[in-house]
Amino acid sequence: MRHNKKINRFISSAKLKLSASIEDIDFSTKRSFTKATILEYSQNKWLENRQNLIITGPTGVGKTFIACALGNAICRNGISVKYERTSNLMSDLMSARLDGSYAKLHKAILKSRLLILDEWLRDRLNPIQAREFLDIIDDRYRISSTIFVSQIPVDKWHSCIEDPTIADAILDRVVHNSTRLDLKGDSMRKILLANSS
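Residues numbered from 1 in each chain as written. Predicted model: local features only at pLDDT ≥ 70, side-chain atom pairs only at ≥ 80, totals over all residues. Heavy atoms only, no water.

Q: Can you help me understand the overall build of the chain in this one?
A: Of regular secondary structure, the chain possesses 9 helices and 5 strands. Helices and strands in the chain line up, N terminus first, as α-α-α-β-α-β-α-α-β-α-β-α-β-α. Compactness check: the chain gives a C-alpha radius of gyration of 17 Å against a globular reference of 16 Å for 197 residues, within 12% of the reference. On the principal axes, the C-alpha backbone points of the chain span a range of 50 × 45 × 30 Å. A burial count over the chain gives 47% of its 197 residues as buried. Within the chain, residue pairs in contact and separated by at least 24 positions form 84% of the contacts whose partners lie at least 6 positions apart. Put simply, the chain has 31 plus and 22 minus side-chain charges, and the middle of one group is 7 Å from the middle of the other. (Helix = DSSP H or I, 4+ residues; strand = E, 2+ residues; numbered from the N terminus. Rg over C-alpha atoms; globule rule 2.2 N^0.38 Å. Buried < 20%, exposed > 50% of the residue type's maximum accessible area, 1.4 Å probe, protein only. Contact = heavy atoms within 4.5 Å. Lys, Arg positive; Asp, Glu negative; His and termini not counted. Charge placed at Lys NZ, Arg CZ, Asp CG, Glu CD.)

Q: So what exactly am I meant to see when it comes to the sheet that holds strand E1 (residues 52-56) here?
A: Hydrogen bonds along the backbone pair up the strands of a sheet, which may run parallel or antiparallel. Taken in spatial order, the 5 strands make up an open sheet running E2-E3-E4-E1-E5, and their pairing is parallel. Edge positions in the sheet fall to strand E2 (81-85) and strand E5 (178-182), since each of these pairs with one other strand and no more. Strand-to-strand twist in this sheet, taken as the mean axis angle between neighbours without regard to direction, amounts to 15°. (Pairing = 2+ DSSP bridges. Axes fitted to C-alpha atoms, helices over the stretch in contact; angles between N-to-C directions.)

Q: Help me out: how do you make sense of the pattern of salt bridges in this one?
A: What the rule picks out here adds up to 8 salt bridges. The partner of Glu 119 in a salt bridge is Arg 85, with the nearest N and O atoms 3.6 Å apart. Highlighted residues: Glu 119 in the loop between strand E3 (114-118) and helix H7 (127-140) and Arg 85 in strand E2, separated in sequence by 34 residues. What emerges from the salt-bridge pattern is a single network uniting Arg 85, Glu 119, Arg 122 and Asp 123. (Salt bridge = Lys/Arg side-chain N within 4 Å of Asp/Glu carboxyl O.)

Q: Where do I start with the nonpolar core in this structure?
A: With 31 residues, the main nonpolar core has Ile 66, Ile 116, Ile 147 and Leu 181 as its most contacted residues. Of all the elements in the fold, those that place two or more residues in this core are helix H1 (2-14), helix H2 (35-41), helix H3 (45-48), E1, helix H4 (63-76), E2, E3 and strand E4 (145-150). Here this core takes 8 residues from H4, the largest share from any one element. If near-sequence neighbours (up to four positions away) are discounted, Leu 181 is found in contact with Phe 33, Thr 37, Ile 38, Tyr 41, Leu 53, Ile 54, Ile 55, Thr 56 and Ile 66. Core analysis: the next-biggest nonpolar cluster, separate from the first, contains 30 residues, Leu 125, Ile 137, Ile 166 and Ala 169 among them. (Core = buried A, V, L, I, M, F, W, Y, C linked by side-chain atoms within 4.5 Å.)

Q: Please explain the packing of aromatic side chains as it appears in this structure.
A: Within a pair of aromatic rings, the relevant descriptors are the distance that separates the centres and the angle that separates the planes. Counted under the stated rule, the structure contains 6 aromatic pairs. Ring centres 5.5 Å apart and planes at 85° place the aromatic pair Trp 120 and Phe 133 in the edge-to-face group. With Trp 120 in the loop between E3 and H7 and Phe 133 in helix H7, this residue pair connects regions lying 13 residues apart in the sequence. A residue is classified by how much of its surface remains accessible, and Trp 120, at 1% relative accessible area, is buried. Pairing Trp 120 with Trp 157 gives two aromatic rings, centres 6.1 Å apart and planes at 75°, and the pair type is edge-to-face. Taken together, the positions of Trp 120 in the loop between E3 and H7 and Trp 157 in the loop between E4 and helix H8 (164-174) put the pair 37 residues apart, joining distant regions of the chain. A single burial state applies to Trp 120 and to Trp 157, both of which are buried. Within the aromatic cluster, the residues linked to one another by ring pairs are Trp 120, Phe 133, Phe 148 and Trp 157. Above the plane of the ring of Tyr 102 lies Arg 97, whose end atom (NZ or CZ) is 3.7 Å from the centre. (Phe/Tyr/Trp six-rings, centres within 6.5 Å; stacked < 30°, edge-to-face > 60°. Lys NZ or Arg CZ within 6 Å of the ring centre and 35° of its normal.)

Geometric values such as these leave the question of function open.
Rendered as structure tokens:
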């Protein structure tokens, strides 16, 4: 009972966008990954190695769903997870700078063994925003893990960060310490709609 309460607390604290699980993933649709790959990511090995995971692909292909399913599985492994939409986290960080709660927020972000950053670089980062994320990424580097979920291909990331020096620093800490899951295929929403009609 104590174990179940702990797991439920982890899942609740993660605030995952979607109530997804590995069992819910559609492996019959070709999206450039296998069930074995996802099951491997649902285990703790890459987290123990303090690696990151980059999930990229076009809109609707299921990036967020898979990230949340992995987050759920990691919670069930007894590891703390935190889901954040990048734009919301950026807004929270800027507000915290103004109201004096930055240290508390920063500590909470660093506390999670796995941070899921959804819609990463959907919006360009200006120099101030880029410095905020560099601080977080630098403090988490080789200590904990992050899943970066983005529809922007990795080779376009540098141009999405307005300060090229900070862009170099962010990418150096993220890309070289990450494994990648590059999803391909049609929108799952389109497929589900076609199957229901």
